[in-house]
Amino acid sequence: MFEKFKFLGKMSIERVLFSFENEPIVFICKNKSGIRYICINTGYGYEPSWLLARSSKRTIIKMLRDEISVLEAMAESLYDIVFIHETEGEIRCERLPFTSIDEKELPDANEKLQNGNISDYIQQLENEEISKDYVCSRKEKMIINEVFTAPESSIIDYDNYCKSKKMGQIKSFIEYAEG
Amino acid sequence: MSNSYKNVPDEMCVMIDNLPIEQPITGIVYRVSKSGIIDEGTFDNTYCEMLNGTTGLKKDLSEPGTYSTSVYLTPDSCFKFINFLAKKHRDKYPSPAVIFGEICYSDGRAQLTTERIQNYPEPVHVDWWIYTGKESEVAKRFNYYVAGE
């Protein structure tokens with residue numbers, strides 16, 4: 001579906017969370033590096049358009065549990081939102097901070113998944129192990145440990161925490177480790 | 001001679017007529033009216049929508065469901081679909097609506113999609129093949145559905 005955009009990596013749909021008339025509307029894509037994107041097909045059959053947000057496992061699980069809406073989950077992404085759309089017959093791609101996306105391109109902000117048939121997927125995500133192959137320095141290990149063992153309230157802001165320590169790579173690792 | 005379904009090729013009409021349907025669906029169903037209007041066109045099958053450009057979707061032309069009108073046994077998916085559309089589509093379709101009404105046996109054939117396709121992702125999706133000429137009768141039996149009714 002998104003092969004044209006090499007920066008996304010080779011993506012495949014990991015799980016369709018909501019479909020309509022057999023068209024995936026909300027779904028999770030995963031690339032070969034294990035990075036997950038929350039994807040919304042906001043155009044259906046009218047005008048093709050998709051929003052993709054690179055997301056952590058933690059955020060995805062909150063969305064699956066209906067603790068946050070799908071759009072709130074996208075807004076939590078530490079990365080620019082990928083906006084793919086068809087304009088004048090050509091598929092185009094933009095990368096924008098969530099707050100810069102035109103309101104008209106967004107779906108209802110409060111819509112939650114409310115899908116009762118995804119407990120197996122939640123379980124699968126929860127059971128995934130953190131990569132053991134990552135080699136990091138002592139300081140990095142310390143920060144990672146702090147982030148992974150912090151209470152939920154402080155974890156939410158771990159991106160800023162990493163940024164404050166000028167540890168951008170750590171932020172990337174945590175995103176990677178969380179899948 | 002097979003029944004006729006709007007714009008459906010003859011060979012597919014035969015296939016639809018001969019589909020084994022164990023539990024024909026009748027009773028109340030729900031559908032999204034993209035235009036917010038209830039008229040004959042509201043019940044165009046997906047293939048018709050592909051022909052007239054109402055949808056840009058490219059569906060499998062060998063699958064009988066492509067020639068059906070999609071309806072649901074519950075309204076939830078219809079509301080959710082509308083809410084996940086980008087707001088810009090409201091410029092073209094300002095008032096998409098969830099509508100509801102009854103399927104009668106004489107309108108055509110109707111089948112729970114999972115009866116034909118076991119792993120179909122929407123357990124309450126119904127394929128409804130409406131006989132040509134029945135569309136206006138069908139439209140008269142449908143009305144707007146308000147959430148919580």
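Residues numbered from 1 in each chain as written. Chains lettered and ligands numbered in written order. Predicted model: local features only at pLDDT ≥ 70, side-chain atom pairs only at ≥ 80, totals over all residues. Heavy atoms only, no water.

Draft legend 1. Structural detail: the nonpolar core. Counting 42 residues, the largest nonpolar core has L17(A), F20(A), V26(A), M63(A), L64(A) and F81(B) as its most contacted members. Excluding residues within four positions of it along the chain, L17(A) makes contact with V26(A), F27(A), I28(A), M63(A), L64(A), L113(A), N115(A), I118(A) and Y121(A). Core analysis: the next-biggest nonpolar cluster, separate from the first, contains 14 residues, V71(B), I103(B), I130(B) and A139(B) among them. (Core = buried A, V, L, I, M, F, W, Y, C linked by side-chain atoms within 4.5 Å. Buried < 20%, exposed > 50% of the residue type's maximum accessible area, 1.4 Å probe, protein only. Contact = heavy atoms within 4.5 Å.)

Draft legend 2. How the structure looks around the pattern of salt bridges. Scanning the entire structure with this criterion turns up 18 salt bridges over all chains. A salt bridge links D120(A) to R15(A); the nearest nitrogen and oxygen atoms lie 2.9 Å apart. Of this pair, D120(A) sits in helix α3 (residues 119–127) while R15(A) sits in strand β1 (residues 11–20); the two residues are 105 residues apart in sequence, bridging distant segments of the chain. Residue class for D120(A) comes out partly exposed when judged on its relative accessible area of 44%. With its nearest N and O atoms 3.5 Å apart, the salt bridge here joins K34(B) to E49(B). Here the residue K34(B) occupies a position in the loop between β1 (27–33) and α2 (46–52), and E49(B) occupies one in helix α2, the gap between them amounting to 15 residues. Among the residues examined, E49(B) registers a relative accessible area of 7% and is labelled buried. Sharing partners across several salt bridges, the network here consists of E14(A), K30(A), R36(A) and E128(A). (Salt bridge = Lys/Arg side-chain N within 4 Å of Asp/Glu carboxyl O. Helix = DSSP H or I, 4+ residues; strand = E, 2+ residues; numbered from the N terminus.)

Draft legend 3. Layout of helix α1 (residues 57–64) of chain A. All names here are of chain A. Along α1, seven of the eight residues are buried, which leaves the element largely enclosed by surrounding structure. Residues of α1 that are buried: K57, T59, I60, I61, K62, M63 and L64. The first or second residue beyond α1 is D66, which carries a positive phi of 65°.

Draft legend 4. The arrangement of the environment of E111(A) in detail. Positionally, E111(A) belongs in the loop between β6 (90–96) and α3. For E111(A), a relative accessible area of 11% translates into the label buried. Sequence separation between E111(A) and D66(A) is 45 residues; the distance between their C-alpha atoms is 9.4 Å. Residues within four places of E111(A) in sequence aside, it is in contact with S69(A), V70(A), K80(B), N83(B) and F84(B). For E111(A), the side chain forms a polar contact with the side chain of K80(B), separated by 2.8 Å. Of the polar contacts made by the side chain of E111(A), one reaches the side chain of N83(B); its length is 2.7 Å. (Polar contact = N/O pair within 3.5 Å; in protein donor to acceptor, adjacent residues only side chain to side chain.)

Draft legend 5. Region of the structure containing the side chain of E21(A). Structurally, the position occupied by E21(A) is in the loop between β1 and β2 (23–31). In this structure E21(A) is buried but unpaired, with R31(B) as the nearest side chain of opposite charge at 4.1 Å. Not counting residues within four places of it along the chain, the set of residues in contact with E21(A) comprises Y44(A), R31(B), K59(B), S70(B), Y72(B), Y120(B), E122(B) and H125(B). (Lys, Arg positive; Asp, Glu negative; His and termini not counted.)

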